[in-house]
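# Chains, contacts and geometry: an overview
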Amino acid sequence: MLTIYRVGDRATKKAPADRFTGDVYQDEVLVGAAPSRMRATNVTFNPGARTAWHRHPVGQTLWAVSGIGRVQVEGGPVEELRPGDTAVIPPDARHWHGAAPDSIFTHLAMSETGDDGGGTEWFEKVSDADYSG
Ligand code: MN
């Protein structure tokens, strides 16, 4: 059976303050029903806002929709993301993502739950020094 979720059917959620710095808003696109493990969320970060450090068991793909963003896998450089860019984050790699300091940023975040059904594991917030690269 075809399912269509109409825009506005699901209210935008404010991202929890213990896992994000600044104001972040989440629009659920899909939480797949088994056998699907897909999870897709459209996320909007106010300027300077970002996730805490975290990791995903099967990695994550980010597709930049609008604005200017930042992403870093621990141990690598802070990279800029612009509309149309795709960032592929490996399984279990600690990382963060968010907006540039002076730009709002929206990305589509796509991931899958792990073999045991596990999801995102969260760690400490990203310091201003780490955010600035
Ligand atoms: Mn992530």
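Computed from a predicted model, the values in this text were never measured in an experiment. Here the residue numbers are simple positions, counted from 1 along each chain's written sequence. Reporting in this predicted model follows two pLDDT cut-offs: at least 70 for local features of residues, and 80 or more for side-chain atom pairs to be given and counted; totals over whole chains, interfaces and linings ignore these cut-offs and use all residues. In computing side-chain properties, one takes all heavy atoms of the structure into account and sets aside hydrogens as well as water.

## With respect to the pairing of strand β8 (residues 69-73)
Relative accessibility thresholds used throughout: buried, under 20% of the residue-type maximum; exposed, over 50%; partly exposed, between the two (1.4 Å probe, protein chains only). Secondary structure elements follow DSSP: runs of H or I no shorter than four residues count as helices, runs of E no shorter than two count as strands, and numbering proceeds from the N terminus. Within β8, four of the five residues are buried, leaving the element largely enclosed by the surrounding structure. Any two strands are treated as partners once DSSP identifies two or more bridges connecting them. Bridge analysis of β8 against strand β9 (residues 79-81) gives three bridges, and the strand direction is antiparallel. Bridged to R70 within β9 is E80. Between β8 and the antiparallel strand that follows it, β9, lie five residues; G75 among them carries a positive phi value of about 95 degrees. Pairing of β8 with strand β11 (residues 95-99) involves five bridges; the strand directions are antiparallel. Residue pairing for β11: G69 is matched across the bridge by A99.

## Here we look at the sheet that holds strand β7 (residues 60-67)
Paired through backbone hydrogen bonds, the strands of a sheet run either parallel or antiparallel to each other. Taken in spatial order, the six strands make up an open sheet running β1-β3-β4-β12-β7-β10, and their pairing is antiparallel. Both outer strands of the open sheet, β1 (13-14) and β10 (86-89), are each paired with one neighbouring strand and no more. Inspection of the sheet shows β7 paired to strand β12 (residues 105-112) by seven bridges, in the antiparallel sense. Across the sheet, the residue bridging to G67 is F105, located in β12.

## A word on the coordination of the manganese ion
Under ideal tetrahedral coordination, the four donors around a metal are separated by 109.5 degrees; under ideal octahedral coordination, the six donors are separated by 90 or 180 degrees. Water is not among the atoms examined, so metal sites may look incomplete; donors are the N, O and S atoms within 2.8 Å of the metal, or within 3.2 Å for Na, K and Ca. The manganese ion binds to the protein through H54 (NE2), H56 (NE2), Q60 (OE1), H95 (NE2) and H97 (NE2); the donor distances cover 2.1 to 2.2 Å. Site description for the manganese ion: donor spacing in sequence, H-x1-H-x3-Q-x34-H-x1-H. Here H54, found in strand β6 (residues 54-55), pairs with H97, found in strand β11; they are 43 residues apart in sequence, far enough to count as distant. Each of the two residues, H54 as well as H97, counts as buried.

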